[in-house]
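Chain residues, written in single-letter form:
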Amino acid sequence: MTNKIIYTVFLLLIVAVLLAAPRAHAQSSCLYIVSFNVTPTSGPAYITVAITGLPEGHEVYLHWGIEPYPQGPWSSVTDTLMTWNGTSYVATIGPFQPGTWVAWVFHDATTNTWINYQCVPFWNWNVDVNPPNQGYTWAYVYPNGSILITVLGRTPDNILLWYGLTSGPGNVPWYTTSGAPGAMNATMTFNPLWGNYSVMIGPFKPGQWVQWVYWDTTTNTWLHCSTNLISGVVTCTPNGNFAIQDVYSPLVFINATYSRYVYLVGQNATVYVLFKNEFGEPVTVNMTLTVNNEEFNYYDITIMPGYYTVALNFTVNMPQGIYTPMLTVYSLGTTLTQASLPSLYVLNTTGKPPISLVIVWNMHQPLYIEPNGTWEQAWVLLHTCHDFLWNGTWVGAYELQALLLSEYNVSVTIDFTPVLLYQWETILTEGTFPYSPAWPSPSTLNVNMTQCLEAINYTISLYRELAQEGRVEILTVPFYHPLQAIIYDNGWQSDLLAQILMGEEMTEEVFGVRATGAWTPEMAFNMGLVHLYNETGIEFTILDAQAFLPYATVVSGTPSPYGPIIVEDSTGEQVIVLFRDTDLSNAFSFAYFSQSPQVTARELIHYLARIYMQNPGAVIVVALDGENPLIFNPTTGPADLQAIYQVLSEYQGTWFITQTASEAIETHKPIAILTNLPESSWALNLNNWNNGYPGKVEIWRSVALAREYLVAFTKAVGMPISPVVPLPFNITPNSTNPIYTLWNYLYIAEGSDWTWQTGPPNYGPAWFQEQALTYTSAIINTIEDWLSQVKLVKYVVKDDAVVLQIYNGLNYTLYVTLVVGNGTYTIAKPIVLKPHHIMTIPVIGIENATIAQLYSPITDNELGDHPIPINQYGFPLATFALSHGNSQAISATQGESSELITGLIAVLLSASVIMMILLIQRGILR
């Protein structure tokens, strides 16, 4: 029923605007012409779609899905490659069962252009395939007496409306507007946005009855039905007709608003009713307001010509609930107009605890700095100080949040990803913004650096102050916002541990608080994170209810999004999770910041009131990326954010309060214990980051390869794998030690943004993929350069002995395994190569050695996922070819040559002594 209401309301609002659209078989969309056909005309059918206006030779996809109703959520989403027929790109999809709603848009992969209906984002073409409920009708009488008639019919047919004027409903004669017996017809227009047909007829005199039927000229089918315009039930009989009475009045109800969004039982209320008086003179009326069968009467009210507002006062005596008041306006015993008023929300708070609203903002930017310290993008500056004008001054999304939080009495939970804080602190420390010449400079973007420095300082200081006051709780995040579930599955848990610890340190350094809660990047969670959060002191996190709750195993309690829940792993370790209200969070993301502030405020308070009616004492969590709604809606977003904070500050107290995440956890007992949460994210899977697209695969493989090199080298120099990297702000993104620097590069490359932006479904700029590959290439190239400084200076191969002289040109001691082989068997021995030192290494017991290799003694467990296979010795760092009876012709001092000869003699003597001992033991020598 809800979907039907949504469909009807949107239909009435939009269909009149689109009545002038082309016929059903061709829809113009900007510079494109879209046509489609459904065959056969009954039963399961195929849809053939064509688009004209794209050049030949492009790679064009029909991006389509199944939906429950027009413009509804898609399922079974598919990309079908379209073919060029000489004039258009064409694709056929199906078959689809009758009554299936199919929606589509187009994607020109050659230019990475998405083509939506009329080029409006999120608008789709919609078709109901051979609808079994053909004849489903809506009719609306306009104030001028015209009637808008809309019907669900088979598309893309040509449908005519046959109608006549009658004396009433039922089997009565029809007349034309001239008074002659008979019928008139009008061509109906197909609306691809809603998948229906519409036509406007009239205007007619007040009280006139109109009957009609439909004729599908394509299939030569008559639709003789009647629709209950309230219930929507369609009854089809051979002679049944649709009918409506053209009832309207020169006194037109426009809208109504209440003095409050929500009333408590016993409060006095006022409803402000706006009329349009088209009589041309004042009119005196009586009114009756009916609420829950209680009538409130108002007498001798004068309504002036034109637009005029009347204030009606009444006492809210009805029980808790949501009511639809009915207003009836009389004059001289005649009903001038009747109207259903907006929903009236009434709450009873007696003996009930308030609900708690927890708003969690995730503020994130990836690293826009190259390894050489050059800034490639200016988004950190823009989103801090230059997104939009506010009270005549340029501000950014982050600064505006701080300004409004300081103004209104609202508690929120917020995180700034450490990589964002890192960039802020770098700008403050360096005081400059060295940018790549490939991108616009801050001055070109009209960014005032002095103002931006002040904005960064102000934003950090204000959040620090609000945190100290307890009005804002600061969460931490793994440093570079990695997609933790995938990193964990790859066996790189130690990297996650380091990034969590680094994130905690950065958060504490900037805001002066030790965070006990963490934002899980993209809410991408698996059960392995429970242990990592325990190990790093993280007590709670935020996840999406829709993605996780239906699929978890219940240990005890009744899980719902309305209270803290304990998530327990197989070892008994636990973390508390607040599950966000998916619908309300999505409203924040996609609706509340793109509409009137008054509408946003009302919808938010009404949503909370509905939860209070069913779940007093509940914890409602709103969690989302905090800057995106403002960035994507720079015109409306700032005022909407202010409206949200203002209305929450005004209404909280009796029936709801705002709390930080920790406050909600402290004041509400866990409602359930769960285990076996699925591996998922807010997007219901991990496909945004790892879906087999070649660009994403390339990033993940490059990270695995760089990590393998780095782990092997780190193990060889005796340093810890996955270190917590110290990060001075004056040399960003480098560290105090070259190996630490490379580990920081790896953590950067593990960030979630690079794969999110690469390829489908998000198709971000190519720069994001390039940024990841820049850092992984820097790791590999650096290590390969270092390893080239480890050289075989000289060697001698003689019989069953070999002596090697290896020079370590690095600043690090190498703890490696030397492996010497002859193609049949090998001898391995651990060695230590000191920095800038030539080491002579004798090896006995192998004849005609042909190869010597240095291995880092790492294991599969230490590497996790890795593309280069390792063997029992580890990862090969260097390989040297040997020739029997020869010495390598690399220059060496005479002393070094003597050392090599001495080493060989020592080997031979040792071999002789060993042989003598063996012969004695066997009784050959006495």
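Model, not experiment: these values are computed from the prediction.

Visitor: Quick question: what am I supposed to make of the overall build of the chain here?
Guide: The helix and strand tally for the chain stands at 20 helices and 51 strands. Radius of gyration (C-alpha) of the chain: 37 Å, far over the 29 Å computed for a compact globule of 926 residues. Each principal axis of the C-alpha distribution contributes one length, and for the chain these read about 140 × 65 × 60 Å. The buried share among the 926 residues of the chain stands at 53%. Residue pairs in contact within the chain that sit at least 24 positions apart in sequence constitute 71% of those at least 6 positions apart. Total accessible area computed for the chain in this model is approximately 38100 Å², and 54% of it derives from carbon and sulfur atoms.

Visitor: I would appreciate a short explanation of the pattern of salt bridges in the present structure.
Guide: A side chain of one charge can pair with a side chain of the opposite charge if their charged atoms are brought near each other. All chains considered together, the criterion is met by eight salt bridges. Across the pair Arg-580 and Asp-544 runs a salt bridge, and its minimum N-O distance is 2.7 Å. Placement of the pair is Arg-580 in strand S41 (residues 574-580) and Asp-544 in strand S38 (residues 540-544), with a sequence separation of 36 residues. Considered together, Arg-580 and Asp-544 belong to a single accessibility category, that of buried residues. Salt-bridge contacts for Lys-715 lead to Glu-862; the nearest nitrogen and oxygen are separated by 3.0 Å. Here Lys-715, found in helix H15 (residues 694-716), pairs with Glu-862, found in helix H19 (residues 860-863); they are 147 residues apart in sequence, far enough to count as distant. Owing to a relative accessible area of 25%, Glu-862 belongs among the partly exposed residues under this scheme.

Visitor: In this structure, what is going on with the nonpolar core? I would like to understand it.
Guide: Considering soluble globular proteins, one finds that nonpolar side chains tend to be buried as a cluster. Residues Trp-361 and Trp-655 are the most contacted members of the largest nonpolar core, which totals 199 residues. For this core, the element with the most residues is H15, which contributes twelve residues. Those residues within four positions of Trp-655 in sequence are excluded, and the remaining contacts are Val-262, Leu-264, Leu-347, Thr-349, Pro-354, Ile-355, Ile-605, Leu-608, Ala-609 and Tyr-612. Listed in part, the 51 residues of the second largest apolar core include Ile-47, Ile-147, Ile-149 and Ala-186.

Visitor: Even after reading the chapter, I still don't get unusual backbone geometry, so can you show me in this structure?
Guide: With glycine set apart, most residues show a phi of negative sign, and most peptide bonds adopt trans. Cis geometry marks the peptide bond from Thr-732 to Pro-733; its omega dihedral reads 5 degrees. Structurally, Pro-733 can be placed in the loop between H15 and helix H16 (738-749). Note the cis peptide between Pro-760 and Pro-761, where omega equals 5 degrees. Tracing the backbone shows Pro-761 in the loop between helix H17 (752-757) and helix H18 (766-787). Backbone geometry places Gln-118, a non-glycine residue, at a positive phi of 55 degrees. With respect to the helices, strands and loops of the structure, Gln-118 is situated in the loop between strand S9 (113-115) and strand S10 (125-128). Residue class for Gln-118 comes out partly exposed when judged on its relative accessible area of 29%. With a phi close to 55 degrees, Asp-799 is a non-glycine residue in the positive phi region.

Reading guide: rules and limits
Residue numbers run consecutively from 1 along every chain, following the written order of its sequence. Where local features are concerned, this predicted model is filtered to residues with pLDDT of at least 70; where side-chain atom pairs are given and counted, the filter is 80 or more; whole-chain, interface and lining totals use all residues. Note: side-chain values were computed over all heavy atoms of the structure, leaving out hydrogens and water. Counting from the N terminus, the helices are DSSP H or I runs at least four residues long and the strands are E runs at least two residues long. Radius of gyration here uses only the C-alpha atoms, and the compact-globule reference equals 2.2 Å multiplied by the residue count raised to the power 0.38. Each residue gets one of three labels from its accessible area relative to the maximum for its type: buried under 20%, exposed over 50%, partly exposed in between, using a 1.4 Å probe on protein chains only. Any two residues whose heavy atoms approach within 4.5 Å are treated as being in contact. Note on areas: these come from Shrake-Rupley sampling with a 1.4 Å probe, and a residue is covered only by the protein chains present in the view. Definition used for salt bridges: Asp or Glu carboxyl oxygen within 4 Å of a side-chain nitrogen of Lys or Arg. By convention a nonpolar core is built from buried Ala, Val, Leu, Ile, Met, Phe, Trp, Tyr and Cys residues, the set being connected through side-chain atoms within 4.5 Å.

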